[in-house]
Amino acid sequence: MEIQPRFVEREKILLVGICEYGAFFESGGIPQIWDRFIPAMNDIPNRVNPYQSFGLEFYPAEFFSQEQKKWNYMAAIEVSSLDDIPMAMVGKTIPPHLYAVFTHRGAAMTLSHTFQTIFDEWFPQSDYNPAGFFDFELYDERYNPNDDSLSEIDIYIPVQKK
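Residues numbered from 1 in each chain as written. Predicted model: local features only at pLDDT ≥ 70, side-chain atom pairs only at ≥ 80, totals over all residues. Heavy atoms only, no water.

**Looking at the pattern of salt bridges**
Within the structure shown, the criterion is met by 7 salt bridges. Here Glu20 ties to Arg36 by a salt bridge, and the two come within 2.2 Å at their closest N and O atoms. Of this pair, Glu20 sits in strand 2 (residues 13–22) while Arg36 sits in helix 2 (residues 30–37), and the two are 16 residues apart along the sequence. (Salt bridge = Lys/Arg side-chain N within 4 Å of Asp/Glu carboxyl O. Helix = DSSP H or I, 4+ residues; strand = E, 2+ residues; numbered from the N terminus.)

What follows is the structure, given as structure tokens:
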């Protein structure tokens, strides 16, 4: 799979959503997080864009040395303020960054293949390194939950020059 990113500078992003920590490669638990989050989305005040949602992944420092990979996954929406976060949800501030943005085409279930291509093939050949212990997927009007085989999802990975 040939994959080429575009580069985007983003200001800080405020997110509110439902977050879990787990071994998602083994558990397949990410769809269950979305199943809990989607019905609660309209309860979040200060929403920025009703047509976008985020899948934020942030990794503990020991992630790359773990045998069973565990990380945090947060189904979220962007907000203009972290005031009035619903009790069962959390807020997260993503700092400003330069991002390599890769467009995944196809089912959300196959996102891990795109991530593997990015980290195993693109990064080693590029002039960039990952610049943080997080990344996020941006779901917008190109994502079709009823037939996600036709969907497009943008993967944002913070980068810095080697």
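Next comes the rest of the write-up.
**Digging into unusual backbone geometry**
The backbone of Asn46 shows a phi angle near 70 degrees, a positive value even though the residue is not glycine. If you trace the backbone, Asn46 turns up in the loop between helix 2 and strand 3 (53–58). By relative accessible area, which is 31% here, Asn46 ends up partly exposed. In this structure, Asp84 is a non-glycine residue whose phi angle is positive, near 65 degrees. Inspection of the secondary structure puts Asp84 in the loop between strand 4 (71–78) and strand 5 (90–94). (Buried < 20%, exposed > 50% of the residue type's maximum accessible area, 1.4 Å probe, protein only.)

**So, helix 2**
Regarding helix 2, the residues found buried are Ile33, Trp34 and Phe37. One face of helix 2 carries all of its buried residues, which in axial projection span an arc of 95 degrees. (Arc of directions from axis to C-beta.)

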